[in-house]
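Observations on the model geometry
So you can see what is in the structure, the chains are spelled out below.
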Amino acid sequence: MLSIKMRLTVFRIEGADPQNWKMTPIRHSGFTTSLFDVNKVFEDQRIGNFRDQAYMAEAVIPRLKQVIENQQPSIELVKTKLFGINLGYDRILIPQKSAGRAQWVISSSYARFLLDTPKNYGKFDVGDEAVVQLLLEGCTAKEIAAQLGLSHRTIEHRLEKLKERFGARNTVHLVVMLLGNHVGHDTGTTVN
């Protein structure tokens, strides 16, 4: 029973050079995004042919090498970048048990988030900072107005200006972009 956001991939270990290892999707992810075609990016190919080699070098190859060497499964939350876009997913790596070197590793990943590269929208004034903070805490426009002692219409006007500034289509999209901006302050690729 795999969730729609899960993908199942087999890595075939061919030789010592990870660039020659082949990844074959067994089950594509139903995870959708307008940023790129996830299933096309992770199509059947050699690691050396993958379009984002930095992603492979930082988030994939080291963990594959580790599970192959240890012949022990690995379960982890991966926070990294793919084509400069923040990406988070749960991953299970299961290597072949063998007396010699493993010939394959099964990878199951469950998508958590994919956030476009944060852009610098400049600094917020004190009023906008308060609105943004309360919005990120889940407050409605009416609740924000009550907490700040402003009219509901004033808060709606500020939210409309923030949506224009960020290019957000609606308030939910604005919150996602604001969160992506905060996530983007984390520098470097980390795999936990």
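Structure report, in brief. Here the structure is a predicted model, which means the values were calculated and not measured. (Residues numbered from 1 in each chain as written. Predicted model: local features only at pLDDT ≥ 70, side-chain atom pairs only at ≥ 80, totals over all residues. Heavy atoms only, no water.)

On to the environment of Glu-58, then. Structurally, Glu-58 can be placed in helix α2 (residues 53-70). The class of Glu-58 is partly exposed, set by a relative accessible area of 42%. Residues Glu-58 and Thr-80, 22 residues apart in the sequence, show an inter-C-alpha distance of 8.3 Å. (Helix = DSSP H or I, 4+ residues; strand = E, 2+ residues; numbered from the N terminus. Buried < 20%, exposed > 50% of the residue type's maximum accessible area, 1.4 Å probe, protein only.)

The next point concerns the pairing of strand β2 (residues 22-27). Pairing of strand β1 (residues 6-12) with β2, which is carried by five bridges, proceeds in the antiparallel orientation. Pairing of Thr-9 across the sheet is with Pro-25, part of β2. One ladder, built from two bridges, connects β2 with strand β3 (residues 45-46); its direction is antiparallel. Bridge pairing links Lys-22 to Arg-46 in β3. (Pairing = 2+ DSSP bridges.)

As for its position among the elements, Gln-45 is in strand β3. Here the side chain of Gln-45 touches Phe-50 through a polar contact of 3.4 Å, landing on its backbone nitrogen. (Polar contact = N/O pair within 3.5 Å; in protein donor to acceptor, adjacent residues only side chain to side chain.)

Turning to the pattern of salt bridges, a few remarks are in order. All chains considered together, the criterion is met by 10 salt bridges. A salt bridge links Lys-40 to Glu-43; its shortest N-O distance comes to 3.9 Å. The salt bridge partner of Arg-112 is Asp-90, with a shortest N-O separation of 2.4 Å. Of this pair, Arg-112 sits in strand β6 (residues 104-115) while Asp-90 sits in strand β5 (residues 85-95); the two residues are 22 residues apart in sequence, bridging distant segments of the chain. Where salt bridges share partners, they join Arg-63, Glu-76 and Arg-91 into one cluster. (Salt bridge = Lys/Arg side-chain N within 4 Å of Asp/Glu carboxyl O.)

Enumeration according to the criterion identifies one cavity of 30 Å³ or more in this entry. In this structure, the largest cavity occupies an estimated 350 Å³ of space. Forming the boundary of the largest cavity are 26 residues, of which Arg-7, Phe-42, Tyr-55, Tyr-89 and Ser-109 lie nearest the centre. (1 Å grid on protein atoms, 1.4 Å probe; cavity = no way out; pocket = protein on both sides within 12 Å on 5 of 7 lines; lining within 4 Å. Points joined across faces, edges and corners; volume = space filled by probe spheres on them.)

Another point: unusual backbone geometry. Trans peptide bonds make up the majority, and among non-glycine residues the majority have a negative phi. Its identity is not glycine, yet Gln-71 carries a phi of approximately 50 degrees, on the positive side. With respect to the secondary-structure elements, Gln-71 resides in the loop between α2 and β4 (74-82). For Gln-71, a relative accessible area of 16% gives the class buried. Despite not being glycine, Phe-83 has its phi angle at roughly 55 degrees, a positive value. If you trace the backbone, Phe-83 turns up in the loop between β4 and β5. Judged by its relative accessible area of 29%, Phe-83 falls in the partly exposed class.

Applying the stated criterion across every chain yields a total of four aromatic pairs. Each ring, one from Phe-42 and one from Phe-50, has its centre 5.3 Å from the other, and the planes form 45 degrees; the classification is tilted. Neither residue differs from the other here; Phe-42 and Phe-50 are each classed as buried. Here Phe-50 and Tyr-55 contribute two aromatic rings whose centre-to-centre distance is 5.8 Å and whose plane-to-plane angle is 35 degrees, an arrangement assigned as tilted. (Phe/Tyr/Trp six-rings, centres within 6.5 Å; stacked < 30°, edge-to-face > 60°.)

Taken together, the side chains of Ile-75, Ile-92 and Ile-94 make up a nonpolar region of the molecular surface, amounting to roughly 280 Å² of accessible area. By the secondary structure assignment, Ile-94 is in strand β5. (Patch = residues over 30% accessible without salt bridge, like charges linked within 9 Å, V, L, I, M, F, W, Y side chains within 5 Å. Areas by Shrake-Rupley, 256 points an atom, 1.4 Å probe, with all protein chains shown as cover.)

Phe-11, Phe-42, Phe-50, Tyr-55, Met-56, Leu-64 and Val-105 are the most contacted members of the largest nonpolar core, which totals 26 residues. Where this core is concerned, the elements lending two or more residues are α1 (38-41), α2, β4 and β5. Element by element, the count of residues in this core is highest for α2, at eight residues. Discounting chain neighbours no more than four positions away, the residues touching Tyr-55 are Phe-42, Phe-50, Val-60, Thr-80, Lys-81, Leu-82, Leu-87 and Tyr-89. Core analysis: the second largest hydrophobic core is formed by 16 residues, Val-132, Leu-135, Ala-168 and Leu-174 among them. (Core = buried A, V, L, I, M, F, W, Y, C linked by side-chain atoms within 4.5 Å. Contact = heavy atoms within 4.5 Å.)

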